[in-house]
Amino acid sequence: MSYMKCLKSKGTGREYPKEALYVCEYDFSPLEASYDYAAIKKNLTREKIEKGPRSLWRYRDLLPIDGEPTVGLHSGFTPLVRARLLAEELGVKELYIKDDSVCHPTWSFKDRVVSVALTRAKELGFTTVACASTGNLANSVSAHGAKAGLERYIFIPYDLERGKVLGSLVYNPNVVAVRGNYDDVNRLCSEIASRYHWGFVNVNLRPYYSEGSKTMGFEIIEQLGWKAPKHVVIPAASGSLITKIWKAFKEFEQLEFIEGGLNTSIHCAQPEGCSPIATAILEKSEHVLPVKPYTIAKSLAIGNPADGYYAKDVIEASGGSAAIVNDDEIREGIRLLARTEGIFTETAGGVTVASAKKLIERGSIPRDESIVLAITGNGLKTQEAIQDSVGEPTMIEPSLQSFEEKLKPVRDI
Ligand SMILES: Cc1ncc(COP(=O)(O)O)c(C=O)c1O
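Treat the numbers as computed from the prediction; the structure is a model and nothing was measured. (Residues numbered from 1 in each chain as written. Predicted model: local features only at pLDDT ≥ 70, side-chain atom pairs only at ≥ 80, totals over all residues. Heavy atoms only, no water.)

(A) Just the site of the ligand, in detail. With respect to spatial proximity, 16 residues lie near the ligand, and among them Asn136, Ala237, Ser238, Leu241 and Thr376 are the closest. One of the backbone nitrogen or oxygen atoms of Ser240 is found 3.5 Å away from an oxygen atom of the ligand. In this structure, Ser299 approaches the ligand through a main-chain N or O atom, which is 3.3 Å from an oxygen atom. Contact with the protein chains hides 97% of the accessible area of the ligand, taken as 400 Å² for the molecule alone. Residue composition of the shell around the ligand, by class: 7 nonpolar, 7 polar and 2 charged. (Near = heavy atom within 4 Å. Polar contact = N/O pair within 3.5 Å; in protein donor to acceptor, adjacent residues only side chain to side chain. Areas by Shrake-Rupley, 256 points an atom, 1.4 Å probe, with all protein chains shown as cover. Nonpolar A, V, L, I, M, F, W, Y, C, P; charged D, E, K, R; others polar.)

Right, here's the structure in full:
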């Protein structure tokens, strides 16, 4: 049973068949999955969701597949943790971490989008899948595609972190490093997609792929006891995650699943070396102007964001704001989250934590309102970013004397 009716142009509203299509031929705007919400409202309840699997597939009725899920059966439904120590440091009352640094199997929220994209790719008959990636998507397509028995082509910029490259190679796909930045890789992939008719998860399968990000939003509301937070801080590259967390909130609102209704502001977090969306917000500009990225937050290094304008609309419509943080602030954000909450996030998470700090200090997020930080990836993949700023172990000889001399420990109890 599927509630997905068709693909719909975000610009003209024209309807398209549920195929591997992604752009409206009238105004070149993206296509988006559209559902029969009246039927969903009749059949879907909060109790039904709560009885579902402990994975992103508990929201299957709101996802764009026709049959049963076949990929990512253990992805999603990651922890939402109350962050009391970080809240104390930031001087706020009610703070939560949505922790996708532990999403299975490749430790980023991309395991959500890929689970949906590859399930749909198989339904549409693709046997070869591909992606253009800043690293995490590459890892996820490589791993999920391996388990699904699919041929894989993974296109990445040549200068990604070693952990991200290795985290794709180990699953034995075709990894192609392109001498250029992500925007060059993406352009090349559009050409390859039209010539080879593979299932490019973020090109011709993008309407299905992007819907996977909604599950992060669904989980936030369900895990807060079917309540919406007042603020969510979300890192942005293409801007898709921002638009889809918002779409999830709006869908739950429409289904009347949210106790107390929806009054959430969405805030955008971007690094100084690549902040086209945040800059447009802060400068109150009508335009999201492309940039040439230069930042340690390589997962967010998309200079020409596909969903930039839509993300900007969401931030403005929800009464949110944006923050831009530099490389030192990103490193400090990573260390702060680790030392207060025991969560080791990658550079994108450092951007989120550092941006939240700025938004709070600036008064864009009041200190007495509930806040969720979207922590989207794992720090073990971007070790280069902080290797020079976390110190070294204390070196001792293998003797009690050396231990006591060097550390001057104090006995407990
Ligand atoms: C860890 C991480 N967080 C956030 C993002 C941003 O996602 P989006 O392109 O949907 O804005 C990415 C994108 O690759 C990412 O890898």
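The structure having been displayed, the exposition proceeds.
(B) Examining the sheet that holds strand β2 (residues 15–16) more closely. With antiparallel pairing, 3 strands are arranged side by side in an open sheet as β2-β1-β3. Two strands in the sheet have a free side with no partner beyond their single neighbour: β2 and β3 (31–35). Here strand β1 (residues 4–9) runs beside β3; their pairing, made up of 5 bridges, is antiparallel. By the bridge assignment for β3, Met4 is matched with Tyr35. (Pairing = 2+ DSSP bridges. Helix = DSSP H or I, 4+ residues; strand = E, 2+ residues; numbered from the N terminus.)

(C) Structural context of the pattern of salt bridges. Enumeration according to the criterion identifies 28 salt bridges in this entry. Between Arg58 and Glu222 there is a salt bridge; the shortest N-O distance is 2.5 Å. In this pair, Arg58 is assigned in the loop between α2 (46–50) and β4 (80–82) and Glu222 in helix α9 (residues 214–223), connecting sequence segments 164 residues apart. For Asp100, the salt bridge identified is with Arg112, shortest N-O distance 2.6 Å. Placement of the pair is Asp100 in the loop between β5 (95–99) and α4 (110–123) and Arg112 in helix α4, with a sequence separation of 12 residues. With respect to burial, Asp100 and Arg112 carry one shared label: buried. (Salt bridge = Lys/Arg side-chain N within 4 Å of Asp/Glu carboxyl O. Buried < 20%, exposed > 50% of the residue type's maximum accessible area, 1.4 Å probe, protein only.)

(D) Structural context of the sheet that holds strand β8 (residues 174–178). The 4 strands lie next to each other as β8-β7-β6-β9, forming an open sheet whose pairing is parallel. Edge strands, defined here as strands with exactly one partner in the open sheet, are β8 and β9 (199–200).

(E) Just the layout of surface pockets, in detail. Its volume calculated, the second largest pocket comes out at about 400 Å³. Lining of the second largest pocket is provided by 18 residues; of these, Asp159, Pro293, Tyr294, Thr295 and Lys298 occupy positions nearest its centre. Here the residues of the lining of the second largest pocket sort into 9 nonpolar, 4 polar and 5 charged. (1 Å grid on protein atoms, 1.4 Å probe; cavity = no way out; pocket = protein on both sides within 12 Å on 5 of 7 lines; lining within 4 Å. Points joined across faces, edges and corners; volume = space filled by probe spheres on them.)

(F) Structural context of a nonpolar patch on the surface. A contiguous nonpolar patch, built from Ile396, Leu400, Phe403 and Leu407 and spanning about 340 Å² of accessible area, is present on the exposed surface. Along the polypeptide, Leu400 turns up in helix α15 (residues 400–407). (Patch = residues over 30% accessible without salt bridge, like charges linked within 9 Å, V, L, I, M, F, W, Y side chains within 5 Å.)

(G) Just the environment of Arg362, in detail. Assignment of secondary structure puts Arg362 in the loop between α14 (347–361) and β13 (371–375). Owing to a relative accessible area of 40%, Arg362 belongs among the partly exposed residues under this scheme. C-alpha of Arg362 to C-alpha of Gly167: the two residues are 195 residues apart in sequence and 38 Å apart in space. Aside from chain neighbours lying at most four places away, what touches Arg362 is Leu282, Ser321, Ala322 and Ala323. A polar side-chain atom of Arg362 sits 2.8 Å from a polar atom in the side chain of Ser321. Separated by 2.8 Å, the side chain of Arg362 and the backbone oxygen of Ala322 make a polar contact. (Contact = heavy atoms within 4.5 Å.)

(H) Representation of the packing of aromatic side chains. If you walk through the whole model with that rule in mind, you get 11 aromatic pairs. Members of the aromatic cluster, connected to one another through ring pairs, are Tyr59, Phe218, Trp226, Phe252 and Phe257. Taking the ring centre of Phe77 as reference, the NZ or CZ of Arg58 above it sits at 4.0 Å. (Phe/Tyr/Trp six-rings, centres within 6.5 Å; stacked < 30°, edge-to-face > 60°. Lys NZ or Arg CZ within 6 Å of the ring centre and 35° of its normal.)

(I) Geometry of helix α13 (residues 327–341). Taking 1.5 Å of rise per residue, the 15 residues of α13 would be expected to cover 21 Å, and the 21 Å separating its terminal C-alpha atoms lies within 8% of that figure. Backbone nitrogen of Asp328 and a side-chain oxygen of the N-cap are separated by 3.1 Å at the start of α13; the cap is Asn326. Gly342 occupies a position one or two residues after α13 and carries a positive phi of about 70°. (Expected span 1.5 Å × (residues − 1).)

(J) Layout of the packing of α4 against helix α5 (residues 136–147). Taken N-terminus to C-terminus, the directions of α4 and α5 make an angle of 45°; their axes are 9 Å apart at the nearest point. With respect to α5, the element α4 is oriented oblique. Handedness of the α4/α5 crossing: right-handed. Within the contact between the two elements, α4 uses Lys110, Asp111, Val113, Val114, Ser115 and Leu118 and α5 uses Asn136, Leu137, Ser140, Val141, His144 and Gly145. Considering only residue class, the contact of α4 with α5 consists of 5 nonpolar, 5 polar and 2 charged. (Axes fitted to C-alpha atoms, helices over the stretch in contact; angles between N-to-C directions. Parallel < 35°, antiparallel > 145°, perpendicular 65-115°, else oblique. Left-handed = near helix turned anticlockwise from the far one by under 90°.)

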